[in-house]
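Residue strings, one per chain:
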2 protein chains.
Amino acid sequence: MLPDVENETAVRATADVFNSTVASWAIAAAWELGALDELNEKGSLNIDDFAARNNLHTPSTTGMFAAMNSVNVVERDGQAVVVGANFAEVFRTKSFFHWLVRGCSELFTQMPSVLRNENRIGRYYRRDPKAISFACRDINAKCFDPAFWTGMENLDYSFSVVADLGCGSGERLIQLAERYPGTKGIGLDNAGPSLETAASDVAAAGLTDRITFGELDVRSMAPRQEFDEVDLLTCFMMGHDFWPRESCVATLRRLRELFPNARRMLLGDKTRTVGVPDGEQEIFTLGFEVAHAMMNVYIPTLEEWEGVFGDGGWKCVRKTTVQGLASSVVFELE
Amino acid sequence: MLPDVENETAVRATADVFNSTVASWAIAAAWELGALDELNEKGSLNIDDFAARNNLHTPSTTGMFAAMNSVNVVERDGQAVVVGANFAEVFRTKSFFHWLVRGCSELFTQMPSVLRNENRIGRYYRRDPKAISFACRDINAKCFDPAFWTGMENLDYSFSVVADLGCGSGERLIQLAERYPGTKGIGLDNAGPSLETAASDVAAAGLTDRITFGELDVRSMAPRQEFDEVDLLTCFMMGHDFWPRESCVATLRRLRELFPNARRMLLGDKTRTVGVPDGEQEIFTLGFEVAHAMMNVYIPTLEEWEGVFGDGGWKCVRKTTVQGLASSVVFELE
């Protein structure tokens with residue numbers, strides 16, 4: 001098994017792919033454990049000190065920083081760590097790493113089983129819904145929020161009750177309630193564990209009288225009397241679940257029936273990239289598209305989205321491109 | 001969240017770390033699903049055809065090849081795939097990727113929890129023992145076997161009964177039985193699921209009368225009468241579990257008591273690298289060392305190994321360096 005000495009480039013590149021994988025897990029962990037925030041704030045830390053302050057196992061913590069050093073997220077000299085050449089970009093994109101290796105790890109690990117047609121029945125894959133809503137809260141904040149608040153400013157009426165479809169951690173509803181006094185919010189999601197987090201965050205914010213949650217599947221939910229009051233819909237990072245096209249048309253029409261007084265819907269999502277070579281995909285895209293293929297969810301292109309609203313009974317009045325996340329957009333529908 | 005245009009290198013490097021992670025899962029899956037072997041043999045394949053022949057979900061299978069294309073393991077043009085610049089090296093090292101993302105995925109995914117001292121009690125982590133023995137069989141075949149067979153040729157006596165400590169899939173015992181007619185083998189391992197595979201492989205090879213297995217922990221096992229017949233010990237990729245030093249001395253001494261007629265032990269393992277910067281670690285090392293830190297297993301250096309045999313009651317008569325795996329060695333002890 002002697003490596004071909006003429007192939008040193010491939011040997012190094014392959015080791016880098018391996019080390020990058022260990023590093024992705026380290027990035028997600030370093031974020032959760034507060035190391036990325038501390039490095040972002042102070043620029044350096046000492047591993048022994050960081051481990052002691054946070055009651056962490058020192059050899060493992062050293063390994064976490066070694067993995068990040070292997071791909072220049074940090075520079076490590078023994079136990080001394082400073083930010084590396086890729087730190088700023090990794091800090092910006094940490095939630096994508098977290099989504100991949102904490103939220104979707106089991107899905108990707110089971111790839112050999114998930115690809116076999118005979119296994120693709122029932123609940124044939126698992127992800128970690130709490131981890132996904134943790135990551136998506138940051139993805140929303142970093143990527144979708146600017147375009148979302150633009151969409152809110154563009155509203156030509158004052159809303160009273162907003163329903164957030166696929167509300168995840170409830171963060172959007174909390175922010176809306178705080179920014180728009182007197183309004184109410186309804187969060188709908190089929191991920192029970194996320195709603196537990198959401199409910200406790202709402203309680204902590206003192207908003208239990210204004211924000212309520214329902215655990216249900218937006219695509220198949222029954223009418224509720226409280227939906228009659230809803231005059232604004234928001235839906236972020238879940239619209240792709242409405243597809244394929246025929247189902248999406250049906251769901252968009254159904255939303256009009258379920259929420260007869262909704263005057264506008266802000267729908268933000270990542271769309272399928274078109275014409276980008278695999279090796280030039282920006283961060284997140286490759287993982288997002290492969291994961292959804294495995295989950296049997298079709299990701300529509302921007303063009304496909306734009307062609308579905310009319311048949312679904314909505315009119316797109318404005319479209320804002322999301323900065324920092326490839327092929328992502330917020331539609332303002334009415 | 002607009003990326004700094006002056007930082008394009010970091011943006012690309014960070015996306016590559018992300019894509020590499022998806023690719024590692026794809027490499028492990030492609031190996032299990034037969035795609036790597038087919039590409040190694042034929043140099044090309046068509047994704048639709050490969051999926052149809054193997055009854056795989058085509059969009060997901062396309063995603064698997066797209067992920068490998070993103071790091072030049074293959075080149076993909078639509079559904080046409082040919083081997084890429086890194087294919088040969090990835091094919092050589094596929095078992096390391098498999099060990100990492102199939103065998104140890106849950107351990108790495110749980111890094112934030114595993115690093116916290118308060119969680120490090122009882123069975124605080126999980127790995128996939130079947131996946132690990134699947135990977136280790138190939139790691140043994142590719143890396144350790146040449147040095148192992150050299151060690152066998154160096155034996156100055158004809159052995160009758162071999163005990164393989166940490167036998168995993170039982171592959172080594174099957175090979176020994178086939179190469180040395182009339183000999184017997186005893187496989188010892190604490191991973192029940194691996195032993196199930198091992199027992200069925202032994203049955204398939206028609207060797208049930210010559211090879212038996214025991215599910216037990218080599219470090220704490222009680223004497224057995226059958227051990228008296230053992231005149232050769234082999235132990236690959238598990239010697240590090242004997243450490244720290246004090247425990248290793250005790251285990252080495254205990255092995256002499258448990259196997260009083262063992263004349264030689266062939267012990268092969270990967271040792272801790274010394275003085276290699278994190279970013280220059282060869283494949284496997286970073287994952288191996290971080291994983292064992294998390295599992296609270298000390299990986300000794302080559303020097304530490306060489307300094308323990310005397311106190312353990314063994315004499316190292318020969319040492320063979322393993323090619324293609326950093327800091328790995330086979331000791332011939334008597």
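Residues numbered from 1 in each chain as written. Chains lettered and ligands numbered in written order. Predicted model: local features only at pLDDT ≥ 70, side-chain atom pairs only at ≥ 80, totals over all residues. Heavy atoms only, no water.

As for the pairing of strand E9 (residues 316-321) of chain A
All names here are of chain A. As defined by bridge partners, E9 adjoins strand E10 (residues 328-333) across five bridges and the pair is classed as antiparallel. Within E10, the residue paired with Cys 316 across the bridge is Leu 333. Linkage of E9 to E10, two consecutive antiparallel strands, is achieved through a turn of six residues, within which Gly 324 is found at a positive phi near 90 degrees. (Pairing = 2+ DSSP bridges. Helix = DSSP H or I, 4+ residues; strand = E, 2+ residues; numbered from the N terminus.)

Section: the state of the cysteines
Residues and elements named next belong to chain B. Applying the stated rule across the entire model yields zero disulfides over all chains. Not engaged in a disulfide, the cysteine Cys 104 finds its nearest cysteine sulfur in Cys 136; these two sulfurs lie 8.5 Å apart. With relative accessibility at 0%, the residue Cys 104 sits in the buried group. Cysteine Cys 167 remains unbridged, with the sulfur of Cys 235 as its closest cysteine sulfur at 11 Å. Residue Cys 167 is classed as buried on the basis of its relative accessible area, which comes to 7%. (Disulfide = S-S within 2.5 Å. Buried < 20%, exposed > 50% of the residue type's maximum accessible area, 1.4 Å probe, protein only.)

Quick notes on the layout of surface pockets
Residues and elements named next belong to chain B. Taken as a whole, the second largest pocket encloses approximately 1,200 Å³ of empty space. Along the wall of the second largest pocket there are 47 residues; nearest its centre are Arg 127, Asp 189, Asn 190, Ala 191 and Asp 241. At the level of elements, helix H8 (129-153), helix H9 (171-179), helix H10 (192-204) and helix H12 (285-294) are the ones that each hand at least two residues to the lining of the second largest pocket. Of all the elements, H8 adds the most residues to the lining of the second largest pocket, at eight residues. For the lining of the second largest pocket, the class distribution of residues is 20 nonpolar, 14 polar and 13 charged. (1 Å grid on protein atoms, 1.4 Å probe; cavity = no way out; pocket = protein on both sides within 12 Å on 5 of 7 lines; lining within 4 Å. Points joined across faces, edges and corners; volume = space filled by probe spheres on them. Nonpolar A, V, L, I, M, F, W, Y, C, P; charged D, E, K, R; others polar.)

Some points on the sheet that holds strand E5 (residues 184-189) of chain A
Residues and elements named next belong to chain A. Spatial ordering of the open sheet is given by E6-E5-E4-E7-E8-E10-E9, a layout of seven strands whose pairing is mixed. At either end of the open sheet lies a strand with only one pairing partner, and these are strand E6 (211-215) and E9. Strand-to-strand, the axes of this sheet are offset by a mean angle of 15 degrees, without reference to chain direction. Where strand E8 (residues 264-270) lies against E10, six bridges are found, and the strand directions are antiparallel. Bridge pairing in E10 places Met 265 opposite Leu 333. (Axes fitted to C-alpha atoms, helices over the stretch in contact; angles between N-to-C directions.)

Section: the packing of aromatic side chains
All names here are of chain B. For the coordinates displayed, the defined rule picks out 43 aromatic pairs over all chains. With centroids separated by 5.3 Å and ring planes inclined at 75 degrees, the aromatic side chains of Trp 243 and Trp 305 adopt a geometry described as edge-to-face. On the criterion of sequence distance, the pair formed by Trp 243 in the loop between strand E7 (232-236) and helix H11 (245-258) and Trp 305 in helix H13 (residues 302-306) is long-range, its members being 62 residues apart. Summarising the burial analysis for this pair, Trp 243 and Trp 305 share the class buried. (Phe/Tyr/Trp six-rings, centres within 6.5 Å; stacked < 30°, edge-to-face > 60°.)

A few points about the nonpolar core
Judged by nonpolar contacts, the single largest core of 170 residues is most densely connected at Met 64 of chain A together with Met 64 of chain B. Discounting residues that sit within four places of it in the chain, Met 64 of chain B has contacts with Met 111 and Leu 115 of chain A together with Ala 26, Ala 29, Ala 30, Leu 33 and Ala 35 of chain B. (Core = buried A, V, L, I, M, F, W, Y, C linked by side-chain atoms within 4.5 Å. Contact = heavy atoms within 4.5 Å.)

A look at the pattern of salt bridges
One pass over the structure, following the stated rule, counts 42 salt bridges over all chains. Its salt-bridge partner being Asp 49 of chain A, residue Arg 53 of chain A comes within 3.0 Å of it at the nearest N-O pair. In this pair, Arg 53 of chain A and Asp 49 of chain A are both assigned in helix H3 (residues 47-53), four residues apart and thus about one turn of the helix distant. A relative accessible area of 38% means that Asp 49 of chain A is categorised as partly exposed. In this structure, the salt-bridge partner of Glu 334 of chain B is Arg 264 of chain B, at a minimum N-O distance of 2.8 Å. One end of the pair, Glu 334 of chain B, is in the segment after strand E10 (328-333); the other, Arg 264 of chain B, is in strand E8 (residues 264-270), and 70 residues separate them in sequence. A relative accessible area of 5% places Arg 264 of chain B in the buried class. Taken together, the shared-partner salt bridges in this structure form one network comprising Asp 156, Arg 264, Arg 318, Glu 332 and Glu 334 of chain A. (Salt bridge = Lys/Arg side-chain N within 4 Å of Asp/Glu carboxyl O.)

A word on the confidence of the model for chain A
With 98% of its residues at a pLDDT of 70 or more, chain A has an overall mean of 95. Across the interfaces of the predicted complex, the ipTM metric reaches 0.94, alongside a pTM of 0.93. (pLDDT = per-residue confidence, 0-100.)

A closer look at the relation of the copies chain A and chain B
Two chain copies here: they are related by a rotation about an axis and a translation along the same axis. Placing chain A over chain B gives an RMSD of 0.0 Å and needs a rotation angle of 180 degrees, together with 0.0 Å of translation along the axis. Look at the turn and shift together and you get a two-fold axis relating the two. Nearest to the rotation axis, the C-alpha of Thr 21 of chain A is located 2.2 Å from it, this being the minimum over chain A. Most of the interface of chain A is mirrored in chain B: 100% of its interface residues are interface residues there too. (Least-squares fit on C-alpha atoms with pLDDT ≥ 70 in both.)

Some points on the environment of Ala 177 of chain A
Residue and element names in this part refer to chain A. With respect to the helices and strands, the residue Ala 177 is situated in helix H9 (residues 171-179). Given the relative accessible area of 6%, Ala 177 is considered buried. Not counting chain neighbours up to four residues away, the residues in contact with Ala 177 comprise Thr 183, Leu 207, Arg 210 and Ile 211.

Examining the side chain of Thr 301 of chain B
Residues and elements named next belong to chain B. Within the fold, Thr 301 resides in the loop between H12 and H13. On the basis of relative accessibility, which here comes to 13%, the residue Thr 301 falls in the buried class. Contacts of Thr 301, omitting those with residues within four sequence positions, involve Thr 271, Arg 272 and Val 274.

Focus: the interface of chain A and chain B
Chain A puts 75 residues into the contact, and the matching count from chain B is 75 residues. Between chain A and chain B, roughly 6,800 Å² of surface is buried when both sides are summed, and carbon and sulfur atoms account for 65% of that area. Here chain A is connected to chain B by two salt bridges. Note that Arg 76 of chain B and Asp 278 of chain A form a salt bridge whose closest N and O atoms lie 2.9 Å from each other. Remark: the boundary between chain A and chain B carries 37 residue pairs in polar contact (both at pLDDT 80 or more). Elements supplying a minimum of two residues to the side of chain A that touches chain B: helix H1 (8-32), helix H4 (58-70), helix H5 (87-103), helix H6 (105-109), helix H7 (111-114), helix H8 (129-153) and helix H12 (285-294) of chain A. By residue number, the principal contributor to the side of chain A that touches chain B is H1 of chain A, which donates 18 residues. (Buried area = accessible area lost by both parts, 1.4 Å probe. Polar contact = N/O pair within 3.5 Å; in protein donor to acceptor, adjacent residues only side chain to side chain.)

Comments concerning H8 of chain B
Residues and elements named next belong to chain B. For H8, which comprises 25 residues, the first-to-last C-alpha distance of 31 Å sits more than 12% below the rise-based estimate of 36 Å (1.5 Å per residue). Taking the largest bend as the criterion, H8 deviates by roughly 65 degrees, centred on Phe 144, and proline Pro 146 comes between one and four positions later. Looking at where H8 begins, the residue whose side-chain oxygen comes 3.2 Å from the main-chain nitrogen of Lys 130 is Asp 128. (Expected span 1.5 Å × (residues − 1). Bend = angle between axes of the 7 residues up to and from the residue.)

Brief notes about the sheet that holds E8 of chain B
The pairing of strands in a sheet happens through backbone hydrogen bonds and is either parallel or antiparallel. Residue and element names in this part refer to chain B. Taken in spatial order, the seven strands line up as E6-E5-E4-E7-E8-E10-E9 in an open sheet, and their pairing is mixed. The open sheet terminates on both sides in strands that have one partner only, identified here as strand E6 (211-215) and strand E9 (316-321). The average angle at which neighbouring strand axes cross in this sheet is 15 degrees, direction not considered. Pairing between strand E4 (residues 161-165) and E7: four bridges, direction parallel. In the sheet register, Val 162 faces E7, and the bridge partner there is Leu 232. Across the sheet, H10 lies against strand E5 (184-189) and E6, angled at about 170 degrees from E6, the strand it touches most.

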